Amino acid sequence: MWAVPSLLSWAVAAALVVCAHGQLSFFQRPINDTAIVGMSASLVCQSLPSNDTVLEWFINNAPAVPDGTRRVLLTGTGDTSLLQVSFTSVLESDAGLYTCRLTNVSTPNNESIEASAYLTVLVAPVALVTPSPNNPVIVNGIATFSCNTTAGTPPFTFAWLQRVISTETAVTSGVNSSATTSSLT
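Criteria and cut-off values
- Residues numbered from 1 in each chain as written.
- Predicted model: local features only at pLDDT ≥ 70, side-chain atom pairs only at ≥ 80, totals over all residues.
- Heavy atoms only, no water.
- Pairing = 2+ DSSP bridges.
- Helix = DSSP H or I, 4+ residues; strand = E, 2+ residues; numbered from the N terminus.
- Axes fitted to C-alpha atoms, helices over the stretch in contact; angles between N-to-C directions.
- Phe/Tyr/Trp six-rings, centres within 6.5 Å; stacked < 30°, edge-to-face > 60°.
- Buried < 20%, exposed > 50% of the residue type's maximum accessible area, 1.4 Å probe, protein only.
- Core = buried A, V, L, I, M, F, W, Y, C linked by side-chain atoms within 4.5 Å.
- Disulfide = S-S within 2.5 Å.

### Quick notes on the sheet that holds strand S6 (residues 72–76)
Phase 1: The four strands are arranged S1-S3-S7-S6 in an open sheet whose pairing can be described as antiparallel. Strands at the two margins of the open sheet, each flanked by one partner only, are strand S1 (26–28) and S6. Direction aside, neighbouring strands of the sheet carry axes that sit 20 degrees apart on average.
Phase 2: Relative to strand S7 (residues 82–87), S6 is paired through five bridges, and the arrangement is antiparallel. Residue pairing across strands places leucine 74 opposite valine 85, the latter belonging to S7.

### Considering the packing of aromatic side chains
Phase 1: Counted under the stated rule, the structure contains one aromatic pair.
Phase 2: Summarising the aromatic geometry, the rings of phenylalanine 87 and tyrosine 98 are spaced 5.9 Å apart at their centres and angled 85 degrees between planes, so their arrangement reads as edge-to-face. Taken together, the positions of phenylalanine 87 in strand S7 and tyrosine 98 in strand S8 (residues 96–104) put the pair 11 residues apart, joining distant regions of the chain.
Phase 3: With relative accessibility at 1%, the residue tyrosine 98 sits in the buried group.

### A few points about the nonpolar core
Phase 1: In terms of nonpolar packing, the biggest core is built from 21 residues, with Phe26, Leu55, Trp57, Val85, Phe87 and Tyr98 touching the most fellow members.
Phase 2: Only strand S3 (41–47), strand S4 (53–59), S7, S8 and strand S9 (112–122) provide two or more residues apiece to this core.
Phase 3: Broken down by element, this core gets its largest block of residues, four residues, from S9.

### Regarding the state of the cysteines
Phase 1: Scanning the model with the defined rule gives one disulfide in all.
Phase 2: The disulfide that involves cysteine 45 links it to cysteine 100, with 2.1 Å between the sulfurs. Handedness here is read from the sign of the S-S torsion; for cysteine 45 and cysteine 100, about -85 degrees, the answer is left-handed. With cysteine 45 in strand S3 and cysteine 100 in strand S8, this residue pair connects regions lying 55 residues apart in the sequence.

Below, the structure is given as structure tokens:
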């Protein structure tokens, strides 16, 4: 009876063969990520362990350097086969192209390969509702509410919700929306 190796074991074996012949390859390439300002995010890059290779991160083509506040961290394994850039609290300015470079330092020309991923950072909108949601309206009168966003990363989705206090209340409304404004009458 033949044993069928798993897909992962085939991938590891193939990567070992490639590296054994002196060619560089990634075991795990970074993938694009999207985060909201203030949330955490991380990008991971991994190669097979080797004393002859170095992994480095670049942000928009500049070397990645921790910011000293423990908000941006570069962490890895002792054998330098895994390198991760992590954000404990993403800022809008953290958005950009992140490139992981794997270099073979034992070759005369320091042969290297790169893999890149984008970090997209979304900013939550700031909404201003007028008039105040607590503004009284005369029975059978018309109330118009408007919501304008003053910041944030579009496109926005607006939803108007009504909290019904009495089961006898009926509401007829019209909603008009654009990319940064919505109104309810």
